[in-house]
Each structure stands twice: as C-alpha cells, then as structure tokens.
Amino acid sequence: MKNIQLSTSGVSVSSVVLGLMRINTLDDSGIKALYSAAREIGINIFDHADIYGGAPHRCEARFGDALRLTADERDQIVIQSKCGIRPGYFDFSKEHILASVDRSLKALRSDYLDVLLLHRPDALVEPEEVAEAFDKLHAAGKIRHFGVSNHTPGQIDLLKTAVTQPIIANQIQLSVAHAPSIAFGVAANMGGSEQSIDRDGELVNYSRINSITLQAWSPFQHGFFEGIFLGDRENYLELNKVLDQLAETYGATPAAIAVAWIARHPAKIQTVLGTTNPQRLRDSAIGADIELSREEWYRMFKAAGYQLP
C-alpha cells in the first residue's frame, strides 16, 4: 500500500487508516486477526477515541489487552486517539484533555500516542487551555503530534492563536455520496444551487494550503448517518451501476472503488475503514492503490447526484 507523509511531521503513514470503533464486539483472537490483516496489507496507522466501545476507553483497552505489543512492535505503528466528547457535552478543558490522555495510555498499554485529535468542536473552547494541555503532554513525551476532527478552518485558526504545535490532521466525514467539502467548489457561483453552499469554509483547500492531512471517516455512508450507499439501489442506483462497472474494470470490489475515489484526490486524503472483518478490510483497502482517471472520478461524482455546471 502506498504511504503518504502525515502533514509536515515526517511520519510516513498508510493511505488507509484502520478505525477501531467497533472492536469491543470482538474477542482477543478476532482483534489479533484484524490487526494482522491490516499489517499484512501495509496499514500502519490505527485510530481510536476515548468514547469508542460503549464505555470510556473500552475499545482502547480491548486493543491493548488483546495485542500486548512489544516496544519494538509499538514503534513500528502509529496510534492516534481522540478526546473531547463527554456524555451530553463537549469538553476541551485542560483538565479533561490531560485526564483523558492518561486513561487512553493506560488502556492502550502504551507510553505515548503518536497523534492526539480533538474530537467534535467544543463551542466553549479556550485556546489557552488547549495550548497548556498540549504543551504539558508534548513535554512529557505522552503525545508526539496533534490534530483535530470535524473542525472548520476558522476553528483551527482559533486554536492556533495559542497552540504552538502544528495541527497536522483533521478527520472529517467524506465519501463520494457525502462530499459537500468538495462539491460546493465545483458549483461555485451557481446561484440557487444547494450544492454551491460552502458549509465548512473551504476546508479542503485550507488543508492543502496549510499542509494538514485530511482523514475521511464513514467512506461508505451518505448523509449524516443515513445509511450505506454501497448496494443501495433504491437511492443510489446510478452510483452503484458505475461502482459495479469500475469494479469489473479494475478487478476489485465496489467498496475498493469507493476508497479509490477518495484516494484519487490530490489532497492525499486518508480513508478510515472501520470494518471488523479482515477479508472485507483487504478487499476495501486495495482501493487506495487504484488510480482512477479524471473521467472515472467525475463519472462517480455525477452518478452520486452532484452536478457539473
């Protein structure tokens, strides 16, 4: 699998990220099988969050307990986790960030996180508190790099008024059927078109200009958790026809073609795959190495319901 540089960090990461939100449903052997499959196909970055698993740090603990990585094994991979979502509210306070990271490290059985992402934006964020937490975590060697999730350019710039560490990553919802961050620019100046509305402050262009790596979560979803478009011929008949045709052309699965659509973008966007099925992971991840043509990329874009002026 091809690798990219994680922003300007110098860290080389796979184009596909294994998301571990659902591993609490697996036993130890299942987690080991999933992890082994990921490593065999070249995935070296693993995504957690403190809220995953139905209880605080549950999935992190399942990962740490099942794998019990040696120091050498740990150094060969990139582990990132997220914090900031609490039951009923968001919390970017210094106290919560520090406490959450300590609990994540204990659960993961690791001395450090390669990357810490701030999860959903906290409307009450105080950049100075975030900066103090980041400084303390970085100085202690607990966190090597920092990023965000679901943040707009303005929210990132606000953090940067106090945070001195580079913001190297931003994890956003993106798929061929849910691509407002890309589609609005194609329809710029089209008055009266819903597609032309910029909903995130030109996030993709901002990320490219500022060397922030984007990570696409829910790459097979449409809308806000409205369902999976793969195989949904009632709502996405034309898209599934194109996916099937391109899958046959490239000798891959439709899921792999959906991943290829994300990977084709010159922003070098990573795809977060959250499957717990090792074979499904293999079948989907191969899409990161499929180079769609411009015509094929736009064909999928239009089949998903977006318009070209």
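That block above? That's the structure.
Residues numbered from 1 in each chain as written. Predicted model: local features only at pLDDT ≥ 70, side-chain atom pairs only at ≥ 80, totals over all residues. Heavy atoms only, no water.

### Things to note about the side chain of Ser218
Line of reasoning, step 1. Counting through the fold element by element, Ser218 comes out in the loop between β11 (213-217) and α9 (237-250).
Line of reasoning, step 2. Excluding anything up to four places from it in sequence, Ser218 contacts Gln173, Leu174, Ser175 and Phe225. (Helix = DSSP H or I, 4+ residues; strand = E, 2+ residues; numbered from the N terminus. Contact = heavy atoms within 4.5 Å.)

### Re the packing of α9 against helix α10 (residues 254-263)
Helix-helix packing: each pair is described by the crossing angle between the helix axes and the interaxial distance.
Line of reasoning, step 1. Interhelical geometry of α9 versus α10 gives an angle of 95° and a closest axis separation of 8 Å. Overall, the two elements α9 and α10 adopt an arrangement that is roughly perpendicular. Here Leu243, Asp244, Leu246, Ala247 and Tyr250 of α9 lie close against α10, whose contacting residues are Pro254, Ile257 and Ala258.
Line of reasoning, step 2. Its residues placed into classes, the contact of α9 with α10 shows seven nonpolar, no polar and one charged. (Axes fitted to C-alpha atoms, helices over the stretch in contact; angles between N-to-C directions. Parallel < 35°, antiparallel > 145°, perpendicular 65-115°, else oblique. Nonpolar A, V, L, I, M, F, W, Y, C, P; charged D, E, K, R; others polar.)

### Side note on helix α2 (residues 58-67)
Line of reasoning, step 1. The element α2 is largely enclosed, with a buried count of eight among its ten residues.
Line of reasoning, step 2. Just downstream of α2, Arg68 is the residue with a positive phi angle, here 45°. (Buried < 20%, exposed > 50% of the residue type's maximum accessible area, 1.4 Å probe, protein only.)

### Comments concerning the packing of α10 against helix α12 (residues 294-303)
Line of reasoning, step 1. Axis separation between α10 and α12 bottoms out at 10 Å; the angle between their running directions is 110°. By the criterion of interaxial angle, the relationship of α10 to α12 is roughly perpendicular. For the pair α10 and α12, the contacting residues are Ile257, Ala258 and Trp261 in the first and Trp297, Met300 and Phe301 in the second.
Line of reasoning, step 2. In terms of residue class, the contact of α10 with α12 is built from six nonpolar, no polar and no charged.

### Looking at the pattern of salt bridges
Line of reasoning, step 1. All told, the structure shown has twelve salt bridges when counted by the stated rule.
Line of reasoning, step 2. Its salt-bridge partner being Glu132, residue Lys94 comes within 3.4 Å of it at the nearest N-O pair. Pair noted here: Lys94 is in helix α4 (residues 94-108) and Glu132 is in helix α5 (residues 127-139), with a separation of 38 residues, a long-range link.
Line of reasoning, step 3. Looking at Glu132, the relative accessible area reads 41%, which means it is partly exposed.
Line of reasoning, step 4. Across the pair Asp102 and Lys142 runs a salt bridge whose closest N-O atoms are separated by 2.8 Å. With a gap of 40 residues between them, Asp102 in helix α4 and Lys142 in the loop between α5 and β9 (143-149) connect regions that are remote in the sequence.
Line of reasoning, step 5. Residue classification places Asp102 among the partly exposed residues on the basis of a relative accessible area of 37%.
Line of reasoning, step 6. Owing to a relative accessible area of 26%, Lys142 belongs among the partly exposed residues under this scheme. (Salt bridge = Lys/Arg side-chain N within 4 Å of Asp/Glu carboxyl O.)

### Here we look at the pairing of strand β10 (residues 167-173)
Line of reasoning, step 1. Counting buried positions over the seven residues of β10 gives seven, a clear majority of the element.
Line of reasoning, step 2. Sheet topology note: the β9/β10 ladder contains three bridges and is parallel. Note on β10: the bridge partner recorded for Val148 is Asn170.
Line of reasoning, step 3. Each parallel crossover has a hand, and for β9 linked through helix α6 (residues 153-159) to β10 it is right-handed.
Line of reasoning, step 4. Where β10 meets β11, five bridges bridge the pair, whose relative direction is parallel. Its bridge partner being in β11, Gln171 is matched across the sheet by Gln215. (Pairing = 2+ DSSP bridges. Right-handed = clockwise from strand over helix to strand, strands pointing away.)

Without other data, these values stay purely geometric and don't point to any function.
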